[in-house]
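Below are the chains, spelled out letter by letter.
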Amino acid sequence: MSGPTARRGGRWRDYPSMVWLVVAGLVSLGHPLVEHSRWLLMHLVLLGALTHAAVVWSTHFAQALLKTDLDLDPPGRQSWRLATLFLGVSGVLLGVSLQRWAVALVAAALVVLAVGWHALALWRRARACLGGRFRVVVHYYLAAAAWVPVGATFGVLLARGPQDQWHGRLLVAHTAAMGLGWLGLTVTGTLVTFWPTILRTRMDTRASRWATGALIPLVGSVVVVTGGSLLGSRAVTAIGLGGYLVAGWWWARALWAPARSRAPRELAPLSVAAALGWAVFAVGWVLGSVLLRADWAEVGDTYGVPTAALAAGFAPQILVGAMSYLVPSVLGGGPAAVREAQDRLERWAVLRLLVVNGGLVLSLLPVPGAVRVATTALVLAAYAAFVPLLGLAVRAGVRARGRGRAPHRPGVTTAPVARRPLWSSGQLVAGVGALALAVCAGVLVDPAAAGYAVPGASGGPGGGTAAAATGHTTTVHVVAKDMRYDPAVVTVPAGDRLVVDLVNADPTTSHDLVFGNGRATPRLRPGTSATVDVGLVDAPMDGWCSVVGHRQRGMTLTVQVLGGPSGSVAGGGVRHGDAGAPGVAATAGPPPGPVDLHGPPGADIAPVDAALAPASADRTHRVTLTVKEIELPVAPGVWQRRWTFDGVVPGPTLRGTVGDAFEVTLVNDGSMGHSVDFHAGSLAPDGPMRTIAPGQSLEYRFTATRAGIWMYHCATMPMSAHLAAGLVGAVVIDPADLAPVDREYLLVQSEVYLGADHRAGSASEVDAAKVDAEQPDAVVFNGIADQYDRHPLTARVGQRVRLWILDAGPNRATSLHVVGGQFDTAYAEGAWLLRAAPGGPDAPGGSQALSLAAAQGGFVELVFPEAGHYPVVSHVMVDAERGAHGVIEVTR
């Protein structure tokens, strides 16, 4: 809440800050279900709530201090500016959350436009002002606004997903520009005059001079931090952060004298003081990380703590403190109305302050996960209490103002409103008690994580005596990269609680870490990190990456125990309170029954259209392929979570002629790194075939110089798993003298390796262990077993039918055969094996099968002599029986 709201239609300008805070609260409650919840929470509060308030506040205080003509920046223009800001912030939050870089770019430009427009209005006010003791405050606002385009640029670059060192460097530069520059300078400029106001005391006569002297060092420090991080110099960056703290101390002297003359006794100054404390802590933490961490990647990995300090400690308390003073003042109505409104806002103030700040301290300590959840919930509840209190304050102020306007009745006197004392021993006891209860509740939910032995728990699978709990926590830092964990072996004293900090340093691929007891990190996108509380360790155990194929490629971690039994125990070795403890996996239901690929269809499935359209007349083909991970049927009643190009298996078929150019945009909407490799093009694979992270895209250009049917597929390791999951497709480049035919079909043969569950709504991903063992559950044409038995391909007697076939593998060869038919034309791997008229003289012989290895393709042609049903199969008969089977229905 900020700025004068007495003007009609202007009060709505105060609401967006509250809207963003409410949305942040909802995201916090549902954060396990919200992707990128930590990033979203921070930006809802800092970019949403606090940025909106900063624009409104600085407009209000500039007008109050400079006393310029209101027509210089009329309310209507301010409203349009704030609407532009709201739209831009909304677009940034949606664009980054949904991995839509273009949306984020346009929205960031709107934010820059709104703040630049705001800065122009402030500059016009400053020019129109004849002078003023505190004109320097407006200079703070103008310097702050200048950092927004800088910070927005770094933010957009971060949204592109830079990896390794650049991620950490851009992160520091972005937070320096937006945190220290935009928000930091706005807050420090405002508090020069606002701090003594909320203390209800006089300003230090030297405040203006100290503020003027601090401005250039503050701005210069932000320049040094930004430049140092971009140049990769941690020493320069540390000097800038230290300089900012020193300049802040010089500026803070302006706050000391008012605080000494009148100690904070109301919610507003106490909340603001607590917020400033968290801001100093956050800057100090980043300074320590820059100095002590091994590299920029590790600096970025430590941003969880300062992020929490700023988003949960600094920003909300600044807003609460400001609104606690401004709401009653803006409502007006005389001293009685102001006191009544303020009394409502300060209810349980000490309790709320203690819970917020004490809860944040506890949540940042290395406490068990359940304790952290409980204390965080308390903090959220304390902040949420401000919303109904704000409503009560507005209602009380309006009523008191109404009473003040009522005509005086003889004989009736109005008693002055007595202010309730802010400090209360009862509130102190209640706050400490609430925090203690939260800690106890967390320990009861997960006693093992807190270092308490669970009665009856045993160490290994044999049920031996568990090691005594030591009460000590072993924390290890593990880096996931290049299909390996570093370190791959972790040694823990028996009875210690194990906490693993996992960082995904892989530039393109998602990873996680799952332990045998079900404790696991979420799946981490490149450049992100998470912590898993494994529990109390008393026997060896294994961990692994659950992303398809990664465990089979050696992505495992072994936990060894000092003073306990030897050997690796998958699924044992950690004690936990009960099966419902946080992070412990639960079985979703009974395992599925055996797979029957040829059973009753039940609810029938739509077949994949095998008809092949002719090549277009275009010589340049532009196409976008979007990687999507979705559930698809692989047989009637049998489902799998497939990785697809454009949601279909096989992917869209591209067709052209020799000399055609293909411009392909690959968009990764999956949960892990993916890529594409077009066999139809001849070019260096380094750039266009690179793996891209989720949310990224690349452009792949090639010219078709040779005829044939060519495979395209994902080339990300493990390639066998990505192909088996469905990321395959065909490019048909017609031979120069290819004759027209009556019917033309395309069959892409591939293999299906089912996971543990194959029911719609819960289907699992490809089983990489089966891929390695070459044990497919099904071999299919165009992604679905036996689909062309139930939905036959069609032809008529005497028509010439061309069957294109591509063996997409990843492992099995094929031998295409049509039962009852003979091929008079055969073409494989760019060469005519057999050719009928009119392309040449009648061939004396015929062909019964077209044999192809994995990644090879060709076509056959035949004419059916009579009506009937002609099976089309892979004559590797075990594969025909696994689903590589269809029917061509021939009619007269």
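Everything numeric in this text was worked out from a predicted model, so none of it was measured.

### Describing the overall build of the protein
Helix and strand counts for the protein come out as 20 helices and 28 strands. Within the protein, the fraction of its 892 residues that count as buried is 52%. Nonlocal contacts in the protein, meaning residues at least 24 apart in sequence, comprise 77% of its contacts between residues at least 6 apart. Approximately 36700 Å² of the protein is accessible, and the part contributed by carbon and sulfur atoms is 62%.

### Concerning the pattern of salt bridges
Across all of its chains, the model carries 20 salt bridges by this definition. In this structure, Arg125 engages Asp73 in a salt bridge whose closest nitrogen and oxygen atoms are separated by 3.8 Å. Of the two residues, Arg125 sits in helix 4 (residues 101-128) while Asp73 sits in the loop between helix 2 (37-66) and helix 3 (75-97), which places them 52 residues apart along the sequence. An identical accessibility class is assigned to Arg125 and Asp73; each is buried. Via salt bridges that share partners, Arg655, Asp734, Glu744, Arg800, Arg802, Asp824 and Glu861 belong to a single interconnected network.

### Some details on the sheet that holds strand 13 (residues 661-668)
Read from one edge of the open sheet, four strands run 11-10-13-15, paired in mixed fashion. The open sheet is flanked by strand 11 (638-645) and strand 15 (697-703), the only strands paired with a single partner. Within the sheet, the average angular offset between the axes of one strand and its neighbour, ignoring direction, is 25°. As paired elements, strand 10 (residues 620-635) and strand 11 share eight bridges and run antiparallel to each other. Counterpart to Glu629 in the pairing with strand 11 is Trp643.

### A look at helix 3
Taking 1.5 Å of rise per residue, the 23 residues of helix 3 would be expected to cover 33 Å, and the 33 Å separating its terminal C-alpha atoms lies within 8% of that figure. Gln99, located one to two residues past helix 3, shows a positive phi value of around 60°.

### A look at unusual backbone geometry
Of the consecutive residues Asp486 and Pro487, the connecting peptide bond is found in the cis state with omega at 5°. Here Pro487 lies in the loop between strand 2 (484-486) and strand 3 (489-493). Here the residue pair Met717 and Pro718 is connected by a cis peptide bond, since its omega of -5° sits within 30 degrees of zero. Checked against the element boundaries, Pro718 lands in the loop between strand 16 (708-713) and helix 17 (719-724). Even without a glycine there, the phi angle at Glu829 is positive, about 50°.

### Let's talk about the environment of Phe314
As for its position among the elements, Phe314 is in helix 11 (residues 304-331). With 34 residues separating them in the primary sequence, Phe314 and Val280 have C-alpha atoms 9.4 Å apart. Not counting chain neighbours up to four residues away, the residues in contact with Phe314 comprise Leu50, Val187, Ala275, Trp278, Ala279 and Ala309.

### What about the nonpolar core?
Counting residues in hydrophobic clusters, the biggest one holds 125 residues, and the most contacted among them are Tyr140, Trp182 and Phe314. The element contributing the most residues to this core is helix 6 (residues 164-199), with 18 residues. Setting aside chain neighbours within four positions, we find Trp182 in contact with Thr51, Ala54, Val55, Val115, Ala144, Ala145, Trp147, Val148 and Ala177. Counting 56 residues, the second-largest nonpolar core is a separate cluster that includes Leu498, Val500, Val664 and Tyr753.

### Considerations on the packing of helix 7 (residues 207-231) against helix 8 (residues 234-261)
Across the interface, helix 7 lies against helix 8 with an axial gap of 8 Å and an inter-helix angle of 165°. If you check the angle between helix 7 and helix 8, you find them roughly antiparallel. Helix 8 is crossed by helix 7, and the crossing has left-handed handedness. In this structure, helix 7 contributes Ala207, Trp210, Gly213, Ala214, Pro217, Leu218, Ser221, Val222, Val224, Val225, Gly228 and Ser229 to the contact, and helix 8 contributes Val236, Thr237, Gly240, Leu241, Gly243, Tyr244, Ala247, Gly248, Trp250, Trp251, Arg253 and Ala254. Its residues assigned to classes, the contact of helix 7 with helix 8 shows 15 nonpolar, eight polar and one charged.

### Some remarks on a nonpolar patch on the surface
A cluster of nonpolar residues, Tyr15, Val19, Val23 and Phe86, forms a patch on the protein surface that exposes about 320 Å² of accessible area. Ranked by residues supplied to the nonpolar patch, first place goes to helix 1 (residues 15-29) with three residues. By secondary structure assignment, the location of Tyr15 is in helix 1. Assessed through its relative accessible area of 44%, Tyr15 is described here as partly exposed.

### A few points about the confidence of the model for the protein
Averaged over all residues, the pLDDT of the protein equals 83, while 86% of them reach at least 70. Long-range and interchain partners of residues 1-11, a stretch whose pLDDT sits below 50, account for 20 contacts in this model, where long-range means more than four residues apart. In the predicted structure, residues 565-593 sits below a pLDDT of 50 and forms 71 contacts with residues beyond four places in sequence or in another chain.

### As for the environment of Ser851
Mapping Ser851 onto the fold places it in strand 25 (residues 850-852). The spatial distance from the C-alpha of Ser851 to the C-alpha of Ala828 is 8.7 Å, given a sequence separation of 23 residues. Once residues lying within four places of it in the same chain are set aside, the contact partners of Ser851 are Thr814 and Ser815.

### Here we look at the packing of aromatic side chains
Going through the model one piece at a time under the given rule, you end up with 17 aromatic pairs. Here Phe194 and Tyr325 contribute two aromatic rings whose centre-to-centre distance is 5.8 Å and whose plane-to-plane angle is 80°, an arrangement assigned as edge-to-face. One end of the pair, Phe194, is in helix 6; the other, Tyr325, is in helix 11, and 131 residues separate them in sequence. Like Phe194, the residue Tyr325 is buried in the burial classification. Plain terms: the ring middles of Phe662 and Phe702 are 5.0 Å apart, the flat faces sit at 10° to each other, and that makes the pair stacked. Placement of Phe662 in strand 13 and of Phe702 in strand 15 is noted, with a sequence separation of 40 residues between them.

### As for the sheet that holds strand 22 (residues 814-818)
As summarised here, the arrangement of the five strands in space is 20-28-27-22-25, forming an open sheet in which the pairing is mixed. Either end of the sheet is taken by a strand with one partner, and the two such strands are strand 20 (791-796) and strand 25. Averaged over all adjacent pairs, the angle separating strand axes in this sheet is 20°, with direction ignored.

### So, the side chain of Thr84
If you trace the backbone, Thr84 turns up in helix 3. Each residue touching Thr84, except ones within four places of it in the same chain, is listed here: Leu110, Leu113, Ala114 and Trp117.

### Some details on the side chain of Thr190
Along the polypeptide, Thr190 turns up in helix 6. Excluding its chain neighbours within four sequence positions, the residues that come into contact with Thr190 are Phe61 and Tyr141.

### Here we look at the pairing of strand 18 (residues 743-752)
Strand 18 sits mainly inside the fold: nine of its ten residues count as buried. Where strand 18 lies against strand 19 (residues 778-781), four bridges are found, and the strand directions are antiparallel. Looking at strand 19, one finds that Val752 is bridged to Ala778.

### Section: the environment of Trp296
Mapping Trp296 onto the fold places it in helix 10 (residues 296-301). A distance of 3.2 Å separates a polar atom in the side chain of Trp296 from the backbone oxygen of Gly232.

Parameters at a glance
- Residues numbered from 1 in each chain as written.
- Predicted model: local features only at pLDDT ≥ 70, side-chain atom pairs only at ≥ 80, totals over all residues.
- Heavy atoms only, no water.
- Helix = DSSP H or I, 4+ residues; strand = E, 2+ residues; numbered from the N terminus.
- Buried < 20%, exposed > 50% of the residue type's maximum accessible area, 1.4 Å probe, protein only.
- Contact = heavy atoms within 4.5 Å.
- Areas by Shrake-Rupley, 256 points an atom, 1.4 Å probe, with all protein chains shown as cover.
- Salt bridge = Lys/Arg side-chain N within 4 Å of Asp/Glu carboxyl O.
- Pairing = 2+ DSSP bridges.
- Axes fitted to C-alpha atoms, helices over the stretch in contact; angles between N-to-C directions.
- Expected span 1.5 Å × (residues − 1).
- Core = buried A, V, L, I, M, F, W, Y, C linked by side-chain atoms within 4.5 Å.
- Parallel < 35°, antiparallel > 145°, perpendicular 65-115°, else oblique.
- Left-handed = near helix turned anticlockwise from the far one by under 90°.
- Nonpolar A, V, L, I, M, F, W, Y, C, P; charged D, E, K, R; others polar.
- Patch = residues over 30% accessible without salt bridge, like charges linked within 9 Å, V, L, I, M, F, W, Y side chains within 5 Å.
- pLDDT = per-residue confidence, 0-100.
- Phe/Tyr/Trp six-rings, centres within 6.5 Å; stacked < 30°, edge-to-face > 60°.
- Polar contact = N/O pair within 3.5 Å; in protein donor to acceptor, adjacent residues only side chain to side chain.

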